[in-house]
Amino acid sequence: MLGRDQAGRAGLPAARQAINLPSFKLRGEPRASICARLAGVAWGKDIMRGIELYAPREARHRRTWTWAIIPMLLVFIIAGEGLATESASLLKLDLNDGQEPWWEIAYSLVFGFGLAAVLLLAWVRLFERRPFKAIGLNGDGMARLLRGYLTGLCFLAIVVGGIWILGGYRVEASGAFLAPSPAAAFGALGVLLLGFIIQGSTEELLMRGWVMQLIASRYGLVAGIVFHSLVFSILHAANIAPSVELAFGLLNIVLVGIFLGLYAAREQSLWGVCGWHAAWNWLLGLGFGLEVSGKVIDTPPLIVDLKTNQAVPWWLTGGMFGPEASVLTTMLLIAGTIWLLRRHQGTGHAVSTKEARATGQV
């Protein structure tokens, strides 16, 4: 009979072929062990540990307990929004009056999400004693951010353009260039651009930078991607009333999590997905005036103000949830995910069992 390590090595090539894993490379790890680690296949406990996606692990680093990930995530989000709401009174803003003018939305994006990011970064630096590069804020930030931003714009343009061609939209009004007050319209668009960069980057820090990394470092990349994608989707579940559009939108958000999780792992960085996320939300809500996960922003859009054609099926336009619940979004995300899986050449940082015990991973 083979021992546990021998049996694992013997079974890995066939297992890898069966599940068609991407070609990752972890420094200091045999390729077969890498594939098993990424899949989270249980060929012994040691195989499932030690995947650091963005930076090497050091002995002084700590990480949040698995059971505390969701409670701490809620603390970051709720405390950030709570602090922003309390501070809004100083500016005489009422964020709970049921109205959402663009300046209140911009305030929530910048301060509500921004404070959540500050709390997370403080936790990572002070409690976990890790540098920010450990959650993906590493080198070539501006180049990766811009590349991700352009990619996000292209993805969104393909979806909206496809729905338009199939008759899903009609033009409601012209864009900011022909607005009664172009300067005011462009000012609002610029402020909201900053707001969406902060909002998108904060969600990426929380989801792909922190939650996915923590789960992957214990149970493998696949577990990290699946877990954080489900959490990411659930956080959007109250955006609109329960409906078939909401259900399909949440499914697509799971696909977004999988796609962006692979994107971040491929680049070993969070900057690209921060750009992608910000571009998608900004162009969707402010380029075409469409729903962003069921939310509409009350300001003249940059390009053209589109409205849904009620004569076409909801699954084409996404209905009340917006294009994020469209079947075209589903198809594009699946295509992007397959592309990443086939072309993935990302690297990771393996942690030895000795280092794992020293940092409380065992």
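Engineer: Now, about the pattern of salt bridges: what can you tell me, with residues and values included?
Structural biologist: Per the stated rule, a full pass over the model turns up six salt bridges. One salt bridge in this structure joins E52 and R57, with 3.2 Å as the shortest N-O distance. The buried category is assigned to E52, whose relative accessible area is 3%. The class of R57 is buried, set by a relative accessible area of 7%. In this structure, E172 engages R170 in a salt bridge whose closest nitrogen and oxygen atoms are separated by 2.7 Å. When its relative accessible area of 43% is taken as the criterion, R170 is described as partly exposed.

Engineer: I'd like to hear about helix α4 (residues 102–127), residue by residue, with values.
Structural biologist: Here α4 is 26 residues long and its end C-alpha atoms lie 36 Å apart, about the 38 Å a rise of 1.5 Å per residue gives. Just downstream of α4, R129 is the residue with a positive phi angle, here 55°.

Engineer: Report on the packing of helix α5 (residues 141–165) against helix α11 (residues 327–343), specifying residues and quantitative values.
Structural biologist: In the contact formed by α5 and α11, the axes pass within 9 Å of each other and the chain directions differ by 140°. As for how α5 packs across α11, the hand of that crossing is right-handed. Each of F155, I158, V159, G162 and I163 in α5 lies in contact with α11, whose residues at this interface are L328, T329 and L332. Classifying every residue of the contact of α5 with α11 by side-chain character gives six nonpolar, two polar and no charged.

Engineer: Describe the side chain of Q199, listing the residues and the values that go with them.
Structural biologist: With respect to the helices and strands, the residue Q199 is situated in helix α6 (residues 182–219). In this structure, Q199 is in contact with L109, F113, H277 and N281, ignoring residues within four places of it in sequence.

Engineer: Now, about the packing of aromatic side chains: what can you tell me, with residues and values included?
Structural biologist: The final tally for this structure, using the stated rule, is 13 aromatic pairs. On the basis of an interplanar angle of 35° and a centroid distance of 4.8 Å, the ring pair of Y107 and F111 is categorised as tilted. Here Y107 and its partner F111 are both found in helix α4, four residues apart, which amounts to about one turn of the helix. On the basis of relative accessible area, Y107 is assigned to the buried category, the value being 6%. Here a set of aromatic residues connected by ring pairs shows up, and it is made of W65, W67, F76, W123, F127 and W210. Lying over the aromatic face of F127, R62 brings its terminal NZ or CZ to 4.7 Å of the ring centre. Positioned over the ring face of F232 is R208, at 4.5 Å from the centre of the ring.

Engineer: Explain the pairing of strand β4 (residues 304–308) to me, using residue names and the numbers behind them.
Structural biologist: Counting buried residues in β4 gives four out of five residues, a clear majority hidden from the surface. Pairing analysis gives five bridges linking strand β3 (residues 169–174) to β4, with the strands arranged antiparallel. If you follow R170 over to β4, its bridge partner there is K307.

Engineer: Got a sec to walk through the packing of α6 against helix α9 (residues 271–287)? Specific residues and values, please.
Structural biologist: As a packed pair, α6 and α9 sit with axes 8 Å apart at the nearest point and diverge in direction by 135°. As the angle between them shows, α6 and α9 are arranged oblique. Of the two elements, α6 crosses α9, and the hand of that crossing is right-handed. Here L189, L192, L193, F196, I197, Q199, G200, S201, E203, E204 and R208 of α6 lie close against α9, whose contacting residues are V273, C274, H277, A278, N281, W282 and L286. Looking at side-chain class alone, the contact of α6 with α9 contains 10 nonpolar, five polar and three charged residues.

Engineer: Describe the layout of surface pockets, listing the residues and the values that go with them.
Structural biologist: There is about 1200 Å³ of room inside the largest pocket. Residue lining of the largest pocket: 39 residues in total, with E81, L109, F113, E203 and K295 positioned closest to the centre. Sorting the residues of the lining of the largest pocket by element identifies α3 (69–88), α4, α6, α8 (244–267) and α9 as the ones contributing at least two each. Top element by residues in the lining of the largest pocket is α4. It accounts for seven residues. Its residues assigned to classes, the lining of the largest pocket comprises 20 nonpolar, 13 polar and six charged.

Engineer: I'd like a description of the nonpolar core, backed by residues and values.
Structural biologist: Among the nonpolar cores identified, the biggest contains 78 residues, and W210, F259, W276 and F288 are the most heavily contacted of them. It is α6 that contributes the most residues to this core, 12 residues altogether. Residue contacts for W276: discarding those within four places in its chain leaves G148, Y149, T151, G152, F155, V256, F259, L260 and Y263.

Cut-offs used in this document
- Per-chain numbering applies: the sequence of each chain, read as written, is numbered from 1 onward.
- It should be noted that, the model being predicted, local features are given only for residues of pLDDT at least 70 and side-chain atom pairs only at 80 or more, the latter also being counted only at that level, while totals for whole chains, interfaces and linings use all residues.
- Derived side-chain values reflect all non-hydrogen atoms in the structure, with water molecules and hydrogen atoms excluded from consideration.
- For this analysis, a salt bridge means a side-chain nitrogen from Lys or Arg found within 4 Å of a carboxyl oxygen belonging to Asp or Glu.
- Think of it in three bands: with a 1.4 Å probe and only protein chains considered, a residue is buried below 20% of the maximum accessible area for its type, exposed above 50%, and partly exposed in between.
- Helix numbering and strand numbering both begin at the N terminus, where a helix is a DSSP run of H or I of at least 4 residues and a strand a DSSP run of E of at least 2.
- Any helix carries an expected span of 1.5 Å times its number of residues minus one.
- Lines fitted to C-alpha atoms define the axes here, with helix axes fitted over just the stretch in contact, and angles between the N-to-C directions of these axes take values from 0 to 180 degrees.
- What makes a crossing left-handed is the near helix being turned counterclockwise from the far one by less than a right angle; a clockwise turn instead makes it right-handed.
- Contact criterion: two residues are considered in contact whenever any of their non-hydrogen atoms come within 4.5 Å of each other.
- In the scheme used here, Gly and all other residues not listed as nonpolar or charged are polar, with Ala, Val, Leu, Ile, Met, Phe, Trp, Tyr, Cys and Pro taken as nonpolar and Asp, Glu, Lys and Arg as charged.
- Ring pairs shown here join Phe, Tyr and Trp side chains whose ring centres sit within 6.5 Å, with only the six-membered ring taken for Trp; geometry is labelled stacked below 30 degrees between planes, edge-to-face above 60, and tilted in between.
- A ring has a charge above it when a Lys NZ or an Arg CZ is no more than 6 Å from the ring centre and no more than 35 degrees off the ring normal.
- For two strands to be treated as a pair, DSSP must find no fewer than two bridges joining them.
- Here the angle decides the label: under 35 degrees means roughly parallel, over 145 means roughly antiparallel, 65 to 115 means roughly perpendicular, and every other value means oblique.
- Whether a set of points on the 1 Å grid over the protein atoms alone is a cavity depends on a 1.4 Å probe fitting there but being unable to get out, while an open set qualifies as a pocket with protein on both sides within 12 Å along at least five of seven lines; lining residues are those with an atom within 4 Å of a point.
- Grid points are joined across faces, edges and corners, and a volume is the space filled by probe spheres set on the points.
- Here, nonpolar core refers to any group of buried Ala, Val, Leu, Ile, Met, Phe, Trp, Tyr and Cys residues whose side-chain atoms link them within 4.5 Å.

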